[in-house]
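Inside the fold
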Protein chains: 2
Amino acid sequence: MSDNQAKFVSYIEENQKKLIDSLAEVVAIPSVSGDASYRQDVFKMGEWLKNKLSTLGADVSAHDLGMQVLDGKEVPLPPVIVGSIGSDSSKKTVLVYGHYDVQPALKSDGWNTEPFELVHDEKTGCLFGRGSTDDKGPILGWLHAIEAHKELGLDLPVNLKFCFEGMEESGSEGLDEFVVKNKDSLFAGVDAVCISDNYWLGTKKPCVTNGLRGIAYFKLAISGPARDLHSGVFGGMVHEPMTDLIKIMSSLVTPQGEITIPGINEQVAPLTDEERKVYDVMDFDIAFVDEATGSKTTVSDNKPDVLMARMRYPSLSLHGIEGAFAEAGSKTVIPRRVVGKFSIRLVPDMDPGKVIECVEKHVESEFAKLKSKNTMKLSPDHPGKPWVADPKHWNYEAAFKATEKIYGVRPDLTREGGSIPITLTFADALQKNVLLLPMGRSDDGAHSTNEKLDLSNYVKGTQLLGTYLYEIAKASQ
Amino acid sequence: MSDNQAKFVSYIEENQKKLIDSLAEVVAIPSVSGDASYRQDVFKMGEWLKNKLSTLGADVSAHDLGMQVLDGKEVPLPPVIVGSIGSDSSKKTVLVYGHYDVQPALKSDGWNTEPFELVHDEKTGCLFGRGSTDDKGPILGWLHAIEAHKELGLDLPVNLKFCFEGMEESGSEGLDEFVVKNKDSLFAGVDAVCISDNYWLGTKKPCVTNGLRGIAYFKLAISGPARDLHSGVFGGMVHEPMTDLIKIMSSLVTPQGEITIPGINEQVAPLTDEERKVYDVMDFDIAFVDEATGSKTTVSDNKPDVLMARMRYPSLSLHGIEGAFAEAGSKTVIPRRVVGKFSIRLVPDMDPGKVIECVEKHVESEFAKLKSKNTMKLSPDHPGKPWVADPKHWNYEAAFKATEKIYGVRPDLTREGGSIPITLTFADALQKNVLLLPMGRSDDGAHSTNEKLDLSNYVKGTQLLGTYLYEIAKASQ
């Protein structure tokens with residue numbers, strides 16, 4: 001470790017209180033993007049970030065993305081905060097992404113503490129609060145890495161650019177267009193991208209992530225009567241849309257998770273022996289899944305099978321039905337129109353267009369079999385492609401080395417089951433290698449009640465992000 | 001027609017304005033039983049009825065049914081208004097049932113007029129307003145029949161008892177117990193029961209109704225994870241409750257309405273040739289169903305098959321799923337627990353207990369086939385037996401004759417697809433013949449927007465109810 005690097009790591013170690021205090025400050029701003037009544041807090045959080053970056057010496061600007069309709073009213077979208085520090089042409093330029101909005105949270109949802117008050121539980125070492133791990137902790141990690149250098153009077157080893165958005169929890173509205181539009185201006189000169197917005201596979205061993213599943217989301221509508229009918233009066237006389245829909249939905253996937261739509265599984269990249277072995281050594285146990293789901297419901301008791309089910313195979317989930325009776329109690333309605341919602345998680349080498357075609361063909365064939373007088377319409381949402389980055393790239397090598405230095409272990413190379421669409425946007429728009437470098441653990445409860453970030457993850461994660469920049473600087477392109 | 005009978009019929013003919021005015025008065029009281037904020041109006045309507053019956057010379061009392069929890073607060077149940085006119089032991093005693101509460105209605109639901117203002121459209125002859133046909137018009141029919149006799153100075157041909165409740169649209173809470181408790185006091189001496197709270201089969205020909213389907217309602221819960229999961233992170237790794245539930249729900253009924261649960265269809269009373277012929281001559285056309293449903297979705301194009309599907313065969317409807325994603329839009333959730341709701345309409349000779357047994361056995365067997373680690377629980381609601389009355393009874397003969405006198409045709413003898421639980425309560429508790437004698441037409445839109453009662457149905461219906469009492473008096477027991 002170089003002198004500067006070592007000084008930085010020690011500084012973070014010695015200034016943990018600063019890290020905690022600043023996290024408490026931002027957790028207290030309830031920047032919930034999905035609820036119009038919190039919109040001013042999202043703006044407040046954007047303003048906080050802009051000021052902080054400015055204080056740290058960054059060129060920073062807030063970019064208006066226009067308006068959106070939320071909860072029935074038109075509200076302004078939170079700005080994208082873009083910043084840059086350094087423009088030394090002899091240094092590499094790293095673009096860092098994060099989001100400053102959070103999921104909704106109410107104490108009554110089942111939190112043990114006030115969600116928008118950071119609580120440091122010294123017994124467990126956990127920092128509880130909405131946004132602690134998703135994604136305010138990681139954003140502060142970057143800021144503290146810069147601040148440490150400023151306080152220590154050290155130059156940063158790379159040029160940094162920042163892109164912090166306030167709409168990630170609500171579909172990143174407007175961000176894609178913004179990135180594409182500004183790829184040759186605000187984002188010009190970027191050599192690599194780093195996103196710290198995911199989690200370790202387990203709770204003990206760090207990982208770097210080079211793949212995400214894509215998604216194809218479908219809405220399958222069956223319409224019949226012009227109005228909801230009473231099942232006493234009409235039951236038996238008419239073709240019921242629910243009966244048709246349930247029949248078709250039951251033809252998509254087995255209880256074991258095998259997709260039964262012809263042409264889907266054939267698109268999946270074959271498993272090589274080499275890849276197969278990777279899953280054996282990952283820091284993972286079926287018990288992690290059991291703990292996360294609070295149940296013993298894995299489709300297999302075999303660790304590699306369960307890992308592969310998440311990382312490298314597609315899955316199909318039936319999410320629900322719009323238009324049917326969904327409340328508690330008993331209601332004897334024949335719904336006039338029902339819309340089944342399901343989605344397929346996509347992996348290499350699946351092509352979203354081809355997947356949509358297979359689904360269309362299958363549901364049409366299944367519907368024809370029903371000989372129903374109702375009508376059917378399948379509406380696919382705009383799909384998201386799967387993403388895989390080359391882990392042999394210097395961006396990844398830097399992350400591996402930095403992790404070894406801070407944690408003393410070679411991290412697992414993982415793929416995530418979910419989608420982070422901005423990853424693909426950066427990869428496609430900038431044509432640069434994108435790295436996912438998580439700070440938190442799998443049990444942090446992002447999006448859930450009692451979200452937390454372990455103080456050790458926060459401190460070591462901040463050391464990791466800074467150290468990664470040093471390793472980037474050393475790497476040969 | 002006897003002298004008195006003829007005078008009565010003429011009186012109603014000549015006093016149509018009175019009928020309209022009183023209907024306007026009661027429609028203006030929004031006695032919505034399903035919404036706590038209207039509870040005082042339900043009471044007001046009960047009070048109105050009590051006063052009216054009293055003015056007409058009845059002994060009348062309001063009976064408290066205690067409290068209920070509605071919209072999260074405890075509110076008093078509307079009273080049952082019980083009245084009697086006459087106690088001449090040489091006359092028969094007829095018990096009349098009606099309900100003075102109504103379904104909710106807001107103009108914004110799609111009404112063309114204010115729902116709680118009676119509008120007489122002279123072009124179509126329709127009286128629009130919530131409760132006009134269900135069930136305030138029929139209740140007023142009885143009251144005007146009595147009033148006419150009072151005005152004309154005539155004795156009623158029978159003794160009358162009344163039972164008017166204010167909770168029919170909300171499950172008749174408390175009424176069953178009330179009837180059973182008072183069968184030998186308030187309801188002692190009743191010879192026959194008449195309920196005017198259903199509709200003609202079509203729009204042209206009157207009917208009397210001697211059968212109702214029963215119902216067995218089921219809630220099938222599948223539970224897996226302890227919390228909702230993200231389909232990106234967990235999709236493919238776990239047994240998903242929705243997948244299991246959809247598989248089981250798809251095994252209950254075909255799109256053609258055939259119940260595929262072993263042991264159900266075997267319980268249905270065989271169709272006799274004589275019964276089969278009845279369906280050929282009923283005032284019914286597939287076009288009625290098409291008009292009512294606003295679609296062409298009948299399971300058959302054959303009139304008797306469609307009629308029998310409603311009147312004499314069971315049906316199974318899938319109502320919806322609680323716990324799954326039911327909103328508009330796209331959400332990538334794996335719901336932790338989903339509850340499928342379905343019900344079976346019961347006909348003679350189906351036994352609710354045996355039906356529940358068959359369903360239990362079937363879903364257990366289907367669930368076992370899935371080899372899922374989730375858990376399943378079936379909860380049947382308290383079932384309602386099917387009801388059929390003997391149409392050769394003098395109560396029915398009186399209704400047939402009265403209809404012939406007022407409408408000039410022999411009415412269809414129909415069965416209804418739905419349930420009116422109080423029918424069975426009266427039949428079981430009092431052990432007397434119960435008759436359903438409708439006033440309105442099939443297209444009245446009870447429970448729907450723009451509910452109406454044709455003025456001609458109101459006038460002739462009132463004449464019919466009064467004439468029925470004369471025919472009762474003439475009938476030999």
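This is a predicted model, so every value here is computed, not measured.

**A closer look at the domain arrangement of chain A**
All names here are of chain A. Segmentation of chain A into domains returns domain 1 (3–212 + 386–474) and domain 2 (214–268 + 313–380). Taken together, the contact between domain 1 and domain 2 spans seven residues of the former and seven residues of the latter. With both chains or domains summed, domain 1 and domain 2 bury close to 470 Å², and 59% of this area falls on carbon and sulfur atoms. Its largest share of buried area at the contact with domain 2, domain 1 owes to P386, G417 and S419, together 74% of the area lost on that side.

**Thoughts on the packing of aromatic side chains**
When we look at a pair of aromatic rings, we describe it by the centre distance and by the angle of the planes. Residue and element names in this part refer to chain A. By the definition in use, this model includes 16 aromatic pairs over all chains. Judged by centre distance (5.5 Å) and plane angle (40°), the rings of F162 and F164 are tilted. Relative to F342, the ring of F218 lies with its centre 5.2 Å away and its plane at 20°, an arrangement referred to as stacked. Pair noted here: F218 is in strand β11 (residues 214–223) and F342 is in strand β15 (residues 337–346), with a separation of 124 residues, a long-range link. When sorted by exposure, F218 lands in the same class as F342, which is buried. Members of the aromatic cluster, connected to one another through ring pairs, are Y97, F178, F187 and F426. Between R312 and the ring centre of Y313, over which it is positioned, the NZ or CZ distance is 5.0 Å. For R410, the ring lying beneath its charged end belongs to F400, and the centroid distance is 4.1 Å.

**A short note on the pattern of salt bridges**
Any two side chains of opposite charge can pair, so long as their charged atoms come close to each other. Throughout the structure, instances matching the rule amount to 44 salt bridges over all chains. When the shortest N-O distance is used, the salt bridge between K296 of chain A and D290 of chain A registers 3.5 Å. A salt bridge links R310 of chain B to E416 of chain B; the shortest N-O distance between them is 3.8 Å. Of this pair, R310 of chain B sits in helix α10 (residues 303–311) while E416 of chain B sits in strand β18 (residues 412–416), and the two are 106 residues apart along the sequence. Neither R310 of chain B nor E416 of chain B differs from the other in exposure class; each is buried. Among the charged side chains, a salt-bridge network with shared partners connects R441, D443, D444, K452 and D454 of chain A.

**Section: helix α7 (residues 241–249) of chain B**
The periodicity of an α-helix, 3.6 residues per turn, causes residues three or four places apart in sequence to face the same way. Buried residues dominate α7 of chain B, accounting for eight of its nine residues. Taken residue by residue, α7 of chain B has P241, M242, T243, D244, L245, I246, I248 and M249 of chain B as its buried positions.

**Looking at the UniProt feature "active site" (unreviewed entry) in chain A**
All names here are of chain A. Residues annotated in UniProt with the feature "active site" (unreviewed entry) correspond here to D101 and E168. Taking the farthest pair of C-alpha atoms as the criterion, the annotated set spanning 68 residues converges on one region, since that pair is 6.7 Å apart. Along the chain, D101 falls in the loop between β5 (93–99) and β6 (119–121). In contact with D101, not counting residues within four places along its chain, are S31, S33, V42, D134, E165, G166, M167, E168, E169 and S170. Within the local environment of D101, its side chain forms a polar contact with the side chain of S33, the two groups lying 2.7 Å apart. Along the polypeptide, E168 turns up in the loop between β8 (159–165) and α5 (175–181). Sequence-distant contacts of E168, that is, excluding residues within four places in its chain, are made with Y97, H99, D101, D197 and I420. Reaching out from E168, the side chain makes a polar contact with the side chain of H99 at a distance of 3.3 Å.

**Focus: the interface of chain A and chain B**
On the side of chain B, 77 residues touch chain A, which itself brings 77 residues to the contact. Buried surface at the junction of chain A and chain B, summed over both partners, amounts to about 6100 Å²; 54% is from carbon and sulfur atoms. Where chain A touches chain B, the interface holds two salt bridges. The element best represented in the side of chain A that touches chain B is strand β13 (residues 315–322) of chain A, accounting for eight residues. Of the residues assigned to the side of chain A that touches chain B, the class counts are 30 nonpolar, 29 polar and 18 charged.

Cut-offs applied
- Residues numbered from 1 in each chain as written.
- Chains lettered and ligands numbered in written order.
- Predicted model: local features only at pLDDT ≥ 70, side-chain atom pairs only at ≥ 80, totals over all residues.
- Heavy atoms only, no water.
- Domains from an automatic or database assignment.
- Contact = heavy atoms within 4.5 Å.
- Buried area = accessible area lost by both parts, 1.4 Å probe.
- Phe/Tyr/Trp six-rings, centres within 6.5 Å; stacked < 30°, edge-to-face > 60°.
- Helix = DSSP H or I, 4+ residues; strand = E, 2+ residues; numbered from the N terminus.
- Buried < 20%, exposed > 50% of the residue type's maximum accessible area, 1.4 Å probe, protein only.
- Lys NZ or Arg CZ within 6 Å of the ring centre and 35° of its normal.
- Salt bridge = Lys/Arg side-chain N within 4 Å of Asp/Glu carboxyl O.
- UniProt positions renumbered as here; feature names shortened; annotations may be inferred.
- Polar contact = N/O pair within 3.5 Å; in protein donor to acceptor, adjacent residues only side chain to side chain.
- Nonpolar A, V, L, I, M, F, W, Y, C, P; charged D, E, K, R; others polar.

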